[in-house]
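# Coordinates in review
So you can see what is in the structure, the chains are spelled out below.
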Amino acid sequence: MAPTAIESEHPYEGTAEVQGDAARAVRQARMRSYLMCPPTYFDVVYAINDWMRPGEPVDRDRAMSQWCELADTYRRLGHEVLTIDPAPGLPDMVFVTDSGLVVDGVALGARYRSPERRAEAGHVFRWFQQNGLTRPAVPRYVNEGEGDFLVVGDVILAGTGFRSDPRSHAEASAHLNRRVITLNLVNPRFYHLNTAVGVLDDATIAYLPAAFSPESRALLERMFPDAVVAAESDTDWLGLNLVSDGANVVLPVQAARLAEQLSDRGYEPVPVDYSEFLKSGGGIKCCTLELRGFRKLRDAGNQG
Ligand code: ARG
């Protein structure tokens, strides 16, 4: 079955307009389906990235209220939020985006690098199976889902250097029938691709050049000459770990400069406080797995 541009069949009426001279840029939002996992067992009890300090207390009530606010924000913007049950003993399962990649209704599962997170992949994989996603595949090589894979229009940007095995890039390309572009991450603070790149729409990204090797940086410059270049004062709050529907960009409230850059480009920044999750090196996008093509699949199933 050939892949189709499923989401374009679900236009969402919200738009944001650029003021002044650049008035041609009218941003178009598209309705999305997101999978989220409540932070019921969220904690920092091991350190698998530079942000984590086991022993530093986590305020779970605060985490839960920030997470609920994020889910409410998506619903308010017209998106669909599905949830998966959290599992005890998996304190990072709230970062569900790392557990898979879904394109055109086809799912690729994850395979975690660290043993601490390994069991998460199975829970999310079963969710894919139970919810009718097409051809769910268990990967052979380590890949941390949308932590390292970012879909930009027809291509998938794929990070490596800290987590995902570069061989997982070809594997994803074959399974999902998309072109995959390998990018090398070099700064341990930005260990997943989604900490260094935020996808704004099908053709535009925001990113932190310093997070990449010189070759990958040059490649990004060539591919995205109009990219928004983020400041470290914003990326220190995981400002690039954002979720955009094409017009509305949900990002950390502390990433003030980035919000300004985005409104200059005609996007509508939607700030939320997501700071409790920084203790684990996670942010907004880490908690939001996009289920591309999910509604179309479900609607087709209901009719058939
Ligand atoms: N503590 C988690 C880890 O290190 C955080 C994951 C955040 N996810 C992300 N895509 N950056 O694996």
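For the structure, see preceding data.
Residues numbered from 1 in each chain as written. Predicted model: local features only at pLDDT ≥ 70, side-chain atom pairs only at ≥ 80, totals over all residues.

## Notes on the overall build of the protein
The number of helices and strands found in the protein is 8 helices and 17 strands. Compactness check: the protein gives a C-alpha radius of gyration of 18 Å against a globular reference of 19 Å for 304 residues, within 12% of the reference. Counting all 304 residues of the protein, 46% fall into the buried class. (Helix = DSSP H or I, 4+ residues; strand = E, 2+ residues; numbered from the N terminus. Rg over C-alpha atoms; globule rule 2.2 N^0.38 Å. Buried ≥ 20, exposed ≤ 12 C-beta atoms within 10 Å, placed from the backbone.)

## A word on the pairing of strand β9 (residues 155-160)
Two faces belong to every sheet, and in a regular strand the side chains alternate between them. Counting buried positions along β9 yields 5 of 6 residues, so the element is predominantly enclosed. As judged from the 4 bridges shared by strand β8 (residues 149-152) and β9, these two strands associate in the antiparallel manner. Along β9, the bridge assignment pairs F149 with A158. In this structure, the hairpin formed by β8 and β9 is closed by a connection of 2 residues, where G153 is found at a positive phi of approximately 60 degrees. Looking at chain direction, β9 and strand β10 (residues 179-184) are connected through 6 bridges and run parallel. Paired with G159 across the bridge in β10 is L183. Taken together, β9, helix α4 (residues 167-176) and β10 form a β-α-β motif whose crossover is right-handed. (Pairing = 2+ DSSP bridges. Right-handed = clockwise from strand over helix to strand, strands pointing away.)

These figures come from the coordinates and say nothing about function on their own.
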